Each structure stands twice: as structure tokens, then as C-alpha cells.
Amino acid sequence: DLSWRPVTVRVGQAVETVGQAGKPKTITGFQTHTTPVLISSGERAELGTEEVLSVSSVLEGIVLVKDNPDYEAPETDEKK
């Protein structure tokens, strides 16, 4: 099912992470947006939640996403 859906993404200044151990952040000074998003040169985007997974490893152009089968929505503790 190829249909458009709003997804939360973080857009910020690109940070070079070559040679860094672990899973370092690839952007800094980010702002959170809902798709569609335009990014300029020198900026990078990453998915804002674990709710969806990108089919490709690069968020460039049109990005195909799929539902994350391991995602569990956080429980809301509403008092009535």
C-alpha cells in the first residue's frame, strides 16, 4: 500500500560521525517537523520516532517507510 502519511522527522545541522564508536547522533541543533519537509544543503534529517522504519538507509528524496513491528506505543496515564 503506497500512500502518503505524516511522519515526525528531526532536521538539523549535519555532524560528521566517521570513526566514532557506538551510535552517535548525526545531527545537532535540530527542529522537529511533520512531513513533507524540505532540507537545505548542510542539513540532515532523521526519523523522529520509533513508530516507523525507513526502507532505505538514506533519507533523501522520497523516503519509503514501513510500520515497525517491534514498536509499542507508550501507555498514557489519564486520571479521570
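Structure's up top.
Residues numbered from 1 in each chain as written. Predicted model: local features only at pLDDT ≥ 70, side-chain atom pairs only at ≥ 80, totals over all residues. Heavy atoms only, no water.

Chemist: Is there a simple way to think about the overall build of the chain in this case?
Modeler: Scanning the chain for helices and strands turns up zero helices and five strands. Scanning the chain from its N terminus toward the C terminus, one meets helices and strands in the order β-β-β-β-β. A burial count over the chain gives 14% of its 80 residues as buried. As displayed, the chain offers around 6,900 Å² of accessible surface, 51% of which is attributable to carbon and sulfur atoms. (Helix = DSSP H or I, 4+ residues; strand = E, 2+ residues; numbered from the N terminus. Buried < 20%, exposed > 50% of the residue type's maximum accessible area, 1.4 Å probe, protein only. Areas by Shrake-Rupley, 256 points an atom, 1.4 Å probe, with all protein chains shown as cover.)

Chemist: Can you walk me through a negative patch on the surface in this structure?
Modeler: A cluster of acidic side chains, namely D70, E72, E75 and D77, defines a negative patch on the protein surface. Structurally, E75 is set in the segment after β5 (65-67). (Patch = residues over 30% accessible without salt bridge, like charges linked within 9 Å, V, L, I, M, F, W, Y side chains within 5 Å. Salt bridge = Lys/Arg side-chain N within 4 Å of Asp/Glu carboxyl O. Lys, Arg positive; Asp, Glu negative; His and termini not counted. Charge placed at Lys NZ, Arg CZ, Asp CG, Glu CD.)

Chemist: Even after reading the chapter, I still don't get the nonpolar core, so can you show me in this structure?
Modeler: Soluble globular proteins tend to pack their nonpolar side chains together in the buried interior. Of all hydrophobic cores here, the largest spans six residues; its members are V7, V9, V11, A45, L47 and V52. Listing elements by their share of this core, those giving two or more residues are β1 (8-14) and β3 (43-47). (Core = buried A, V, L, I, M, F, W, Y, C linked by side-chain atoms within 4.5 Å.)

Chemist: Please explain the sheet that holds β3 as it appears in this structure.
Modeler: Strands pair in a sheet through their backbones, by hydrogen bonds, and they do so in one of two ways: parallel or antiparallel. Spatial strand order, β2-β1-β3: three strands in an open sheet with antiparallel pairing. Because the sheet does not close on itself, it has two edges, and the strands there are β2 (27-34) and β3. Between one strand axis and the next, the sheet turns by 30° as a mean value, whatever way the strands run. Relative to β3, β1 is paired through five bridges, and the arrangement is antiparallel. By the bridge assignment for β3, R10 is matched with E46. (Pairing = 2+ DSSP bridges. Axes fitted to C-alpha atoms, helices over the stretch in contact; angles between N-to-C directions.)

Chemist: Hey, could you run me through the environment of V15 in this one?
Modeler: Locating V15 in the fold gives a position in the loop between β1 and β2. Sequence separation between V15 and R44 is 29 residues; the distance between their C-alpha atoms is 8.4 Å. Sequence-distant contacts of V15, that is, excluding residues within four places in its chain, are made with K25, T26, I27, T28 and R44. (Contact = heavy atoms within 4.5 Å.)

Chemist: Please explain the layout of surface pockets as it appears in this structure.
Modeler: Left-over empty space is what a probe sized like a water molecule reveals as it rolls over the atoms. Put simply, the largest pocket is a space of about 660 Å³. Counting only elements with at least two residues in the lining of the largest pocket, the list comes to β1, β3 and β5. Among the elements that line the lining of the largest pocket, the one with the most residues is β5, at three residues. For the lining of the largest pocket, the residue count by class is 16 nonpolar, three polar and five charged. (1 Å grid on protein atoms, 1.4 Å probe; cavity = no way out; pocket = protein on both sides within 12 Å on 5 of 7 lines; lining within 4 Å. Points joined across faces, edges and corners; volume = space filled by probe spheres on them. Nonpolar A, V, L, I, M, F, W, Y, C, P; charged D, E, K, R; others polar.)

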